[in-house]
Structure formats: structure tokens, C-alpha cells
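# Descriptive structure summary
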Amino acid sequence: MLPSKPLNLFLILTVTINLCSAELPSFREAPAFRNGRECPKTAWSSLDKKIHNPSIIHIAMTLDTAYLRGSIAGVFSVLHHASCPENIVFHFITTHRRGAELTRAITSTFPYLNFHLYHFDINLVKGKISSSIRRALDQPLNYARMYLADLLPGGVRRIIYFDSDLIVVDDVMKLWSINLGSHVLGAPEYCHANFTNYFTSKFWSNPVFAASFRGRSRNPCYFNTGVMVIDLWKWREGKYTEKLENWMRIQKRYRIYELGSLPPFLLVFAGDVEGMEHRWNQHGLGGDNLEGLCRALHPGPVSLLHWSGKGKPWLRIDSKKPCPLDSLWAPYDLFRHPSLFSDS
């Protein structure tokens, strides 16, 4: 009989192999969404290196097996409410692992979708990521939003970045049309947030680090990086990827925060963000990062619902323990439940 430790290792390896080789979820085919008469007839090619067409809406999302169901629902919600859905181009970022299968899943679910797939080299961040309070925050794809300017073609001047745990319930053209002014990045801001919660005592006790939030033209405000409008041309000019990476290196040495890829964005951009209406990121619906308890909507109108936090609506629905607001996500879920097709 094998010793207990080798047996445990064998079981772990077996489970890991099974997960890697497991079939992806199956989804119903979405209907074809067509432009209204008022939409300009236009087309976009990735070969257009320096041509910016404001009529084409570019949306970036990461794509992986764990969050595929959420990504599918997010895409469906965008198309369902868009006035010019045929003018939307999706840019999906994924790792080399199972990229072909993910592409087939998107194509079979959205046969008419205009999308491009980009492979993200996890070696770019593998040595820079520090462990955080939740394992999902440590995945390399969580940091891919820092590299959009490097991954996407030069002809994409502006991009909307969406997380995979949200749905849009308004015309995305309204978000796309926001004037960023002189700013590189736009997002809903929350200026009542206490910044001491996002950084460790080592950060605040170091006068050089703490000075990062002083001397700015505006007071630094919290913003959630799950919904951002980014001017990629200005991003490249300002070398913002390098600035974010620099804070990741500092984190690796001094442990100045606990929340994955969010704090570097706050350190680089807080106080220099084009503020948008809060309706475009009703975040926190997944609860906190540790327990994921149910939460209510923030006061005010809603254009986007975001299940940031530990609790994801598809997991809570499948476990028969949904939160009240998960019912707002459910209509966009295209997942084919196996029980619906069984013979029993």
C-alpha cells in the first residue's frame, strides 16, 4: 500500500488532469442582433494600424474556463441592449491553455459576433504576482488588463474593459461616447472610500510610498477596475504598463497591499481618472472577498450590474442558494443545463 502523502499527491494530480481535460460548458446559440437604421455602415480590420473609427465600439474581456459562463452572459447582455450591435468588436484575452476550445465556444454561441482572440503570455506577470486575500485574484489573466495597449492592434485607440462577472442593461454606446478629456482612463469614482483599507501599514509608514497620493490635481478616489474606458494611445505614450509593473515589483519586496491587481491601478491613476456616472458600475454584488454575502444595489439608476467579490451568480444559482439580485443575471445565462437534456 502506498504511503498517505504520495497517495494524496496522486489524487491531486488526477483531479487536476481531469479538470484540465474536462469538456467546456455547452451554451445555447444566441439570436442574431442587427443594427438599427440609424447605425452607420462601417467595418473594422485589425490591419488598420493608425485609423481610428469612432463608430466602431471596441470591448476587451478576458476569457478562461472558470469564468466562461459569466463572459457569455456579459457578451449577450451587451448585444441585447446595443443600438448598433453589428458595430461592436470584442477583443478576448486568453492564455494558450484551451484557447482553441474557447474560440469554438464563442463562435458556436455567437455565430455573427465580430471578435478577435489574443494570447496573453503569463510569463509577463508570473514572477511579479504576490499572493492576495483571495486565490482568484492571483490568476495571471487578472493582470491582463494592464497589457491591453501591448496586445491590441495600433488602430484601436479606445477600449472598454469589462470583467467577466457583469451584465450591461443599457446601450453600451453611451459608455463608449464618454469624453475622457485629458485623462487616460475613465471609470466611476467613489471618493468617500477610505484608502487605508487598500494598503498595508508598511505602505503608510513609508513616507515615499505614502507620498504617492499627495500633490495630485484632484483628491485620489477609489475606482473599480472591472469597468474602464481607456485611451490606448495615451496609455502607450505615458508608458503606464511600466508604471504598474514597477508597483508590482515594490509589492513583491515590501508587501504593501493585499488585493491583487487593483492597488497598482489606484497608485498610478487615483486622482487622475475621468469620473463617470455610478450607474455604469453597480459593483460589489458578489459581496466581500472572503464570504461573498448577498448585497443590495447602490442608490440611483443602473446601467451595469457587477458581481465583483467572492460570490458569482452562476455558482449561487447552481447551488440553489441565489441572492435576490442574481435573478437579474439569470435571463442572460445561455448555459445548457445537462438536466434539461437527460433521459431520466
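The model shown is predicted, which means the values in this text are computed figures rather than measured ones. (Residues numbered from 1 in each chain as written. Predicted model: local features only at pLDDT ≥ 70, side-chain atom pairs only at ≥ 80, totals over all residues. Heavy atoms only, no water.)

## What to know about the packing of helix α9 (residues 240-254) against helix α10 (residues 262-269)
Direction vectors running N to C along α9 and α10 enclose 120 degrees, while the axes themselves pass 9 Å from each other. Relative to α10, the element α9 lies oblique. Classified by chirality, the crossing of α10 by α9 is right-handed. Contacts between α9 and α10 pair Tyr240, Lys243, Leu244, Trp247 and Met248 from the former with Pro264, Phe265, Leu267, Val268 and Phe269 from the latter. (Axes fitted to C-alpha atoms, helices over the stretch in contact; angles between N-to-C directions. Helix = DSSP H or I, 4+ residues; strand = E, 2+ residues; numbered from the N terminus. Parallel < 35°, antiparallel > 145°, perpendicular 65-115°, else oblique. Left-handed = near helix turned anticlockwise from the far one by under 90°. Contact = heavy atoms within 4.5 Å.)

## Quick notes on the environment of His81
One can find His81 in helix α2 (residues 68-81). The class for His81 is partly exposed, based on a relative accessible area of 25%. For the pair formed by His81 and Met173, sequence separation is 92 residues and the distance between their alpha carbons is 9.7 Å. Those residues in contact with His81 that sit more than four places away from it in its chain are Val168, Val169, Asp170, Asp171 and Tyr332. Reaching out from His81, the side chain makes a polar contact with the side chain of Tyr332 at a distance of 2.7 Å. (Buried < 20%, exposed > 50% of the residue type's maximum accessible area, 1.4 Å probe, protein only. Polar contact = N/O pair within 3.5 Å; in protein donor to acceptor, adjacent residues only side chain to side chain.)

## Brief notes about the pattern of salt bridges
One pass over the structure, following the stated rule, counts 13 salt bridges. In this structure, Asp231 and Arg157 form a salt bridge, with 3.5 Å as the shortest nitrogen-oxygen distance. Here Asp231 is found in strand β8 (residues 227-231), whereas its partner Arg157 is found in the loop between α4 (148-151) and β4 (158-162), with 74 residues between them in sequence. Taking relative accessible area as the criterion, Arg157 reaches 29% and is therefore assigned partly exposed. For Lys174, the salt bridge identified is with Asp170, shortest N-O distance 2.9 Å. (Salt bridge = Lys/Arg side-chain N within 4 Å of Asp/Glu carboxyl O.)

## A look at the state of the cysteines
This model, assessed by the stated rule, comprises three disulfides. Two residues share a disulfide in this structure: Cys39 and Cys84, whose sulfurs sit 2.0 Å from each other. Of note, the bridge from Cys39 to Cys84 carries an S-S torsion of about -95 degrees and is left-handed in sense. One end of the pair, Cys39, is in the loop between α1 (4-21) and β1 (57-62); the other, Cys84, is in the loop between α2 and β2 (88-94), with 45 residues separating them in the sequence. (Disulfide = S-S within 2.5 Å.)

## Details of helix α3 (residues 99-109)
Considered for burial, the residues of α3 that qualify are Gly99, Leu102, Ala105, Ile106 and Thr109. Looking down the long axis of α3, one finds its buried residues gathered within 120 degrees of arc, a one-sided arrangement. Away from its buried face by more than 90 degrees, α3 exposes Ala100 and Arg104. Turning to α3, the residues buried within the fold contact α2, β2 and β3 (115-119). (Arc of directions from axis to C-beta.)

## Quick notes on the packing of aromatic side chains
Under the counting rule described, the total for this entry stands at 26 aromatic pairs. Measuring from centroid to centroid gives 4.6 Å for Phe199 and Phe203, while their planes differ by 25 degrees, and the two rings are stacked. Here the two residues Phe199 and Phe203 agree in accessibility, since each one is buried. Through successive ring pairs, a cluster of aromatic residues spans Tyr190, Phe195, Tyr198, Phe199, Phe203, Trp204, Phe209, Phe213, Tyr222, Trp247 and Tyr254. We note Lys243 situated over the ring of Tyr240; from NZ or CZ to the ring centre the distance is 4.3 Å. (Phe/Tyr/Trp six-rings, centres within 6.5 Å; stacked < 30°, edge-to-face > 60°. Lys NZ or Arg CZ within 6 Å of the ring centre and 35° of its normal.)

## Remarks on the confidence of the model for the chain
Looking at the chain as a whole, its pLDDT mean stands at 88, while 90% of the residues score no less than 70. Of the regions scoring below 50 in pLDDT, residues 1-20 engages in four contacts with residues more than four places distant in sequence or in other chains. (pLDDT = per-residue confidence, 0-100.)

## Some words on the side chain of Asp171
With respect to the secondary-structure elements, Asp171 resides in the loop between β5 (166-168) and α5 (172-176). No salt bridge is formed by the buried Asp171, whose closest oppositely charged neighbour, Lys174, lies at an N-O distance of 6.3 Å. A polar contact is formed between the side chain of Asp171 and the side chain of Ser83, at a distance of 2.6 Å. If sequence neighbours within four positions are ignored, Asp171 has contacts with His81, Ala82, Ser83 and Trp280. (Lys, Arg positive; Asp, Glu negative; His and termini not counted.)

## Section: the pairing of strand β6 (residues 185-190)
Buried residues dominate β6, accounting for six of its six residues. Summarising the sheet, β6 and β8 pair through two bridges and their orientation is antiparallel. Opposite Leu185, over in β8, you have Ile230 as the bridge partner. In this structure, β6 lies alongside strand β9 (residues 274-276), joined through three bridges in parallel fashion. (Pairing = 2+ DSSP bridges.)

## Examining α10
Each turn of an α-helix holds 3.6 residues, which means side chains three or four residues apart point in the same direction. Most of α10 sits inside the fold, with eight of its eight residues counted as buried. For α10, every residue scored as buried is listed here: Leu262, Pro263, Pro264, Phe265, Leu266, Leu267, Val268 and Phe269. Looking at the packing, one finds that the buried side of α10 touches β6, α6 (201-204), β7 (222-223), β8, α8 (232-238) and α9. Positive phi appears at Gly271, one or two residues downstream of α10, with a value of about 95 degrees.

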